[in-house]
Amino acid sequence: MILKGYCFYNRKVGSYSLPQFETLEKNDKVEIMQRTFIVTTDVNVKRELSESDLCYVGTFDDKAGKFEMLDKPEFLCNFSLGGKEDVKS
């Protein structure tokens, strides 16, 4: 199965999180993160998301054990404390 890799880039700190590999397509991952940002009441989650960009980093084939990473992470979206998000079109 081919899994897609996603990570967060924390703009405040200037570093990337460890990638997480999932079956979700990019647009589905963005939609889930938007919903999480809107509905969460956890102040820490909102603050962390508001300081971060969601990025796509590549794929992992779990049968072959092979990573295919992008040269540079692809920006997908970011969130602001006001609840509005910027999304790559």
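The structure contained in this document is the topic of the report that follows. (Residues numbered from 1 in each chain as written. Predicted model: local features only at pLDDT ≥ 70, side-chain atom pairs only at ≥ 80, totals over all residues. Heavy atoms only, no water.)

1. Quick notes on the pairing of strand β4 (residues 52-61)
Most of β4 is tucked away, with nine of its 10 residues classed as buried. Here eight bridges tie β4 to strand β5 (residues 66-79), and the two strands are oriented antiparallel to one another. Along β5, the bridge assignment pairs Y56 with E74. (Buried < 20%, exposed > 50% of the residue type's maximum accessible area, 1.4 Å probe, protein only. Helix = DSSP H or I, 4+ residues; strand = E, 2+ residues; numbered from the N terminus. Pairing = 2+ DSSP bridges.)

2. Quick notes on the state of the cysteines
With the rule as written, the count across this model stands at zero disulfides. No disulfide involves C55; its sulfur sits 5.0 Å from that of C7, the nearest cysteine. With no disulfide of its own, C77 lies 8.9 Å from the sulfur of C55, the closest cysteine sulfur. Given a relative accessible area of 0%, C77 falls into the buried group. (Disulfide = S-S within 2.5 Å.)

3. Topic: the pattern of salt bridges
Pairing between side chains becomes possible if they bear opposite charge and their charged atoms approach one another. Inspection of the entire model under this criterion finds seven salt bridges. One salt bridge in this structure joins E51 and K12, with 3.7 Å as the shortest N-O distance. Here the residue E51 occupies a position in the loop between α2 (43-50) and β4, and K12 occupies one in the loop between β1 (2-10) and β2 (15-16), the gap between them amounting to 39 residues. (Salt bridge = Lys/Arg side-chain N within 4 Å of Asp/Glu carboxyl O.)

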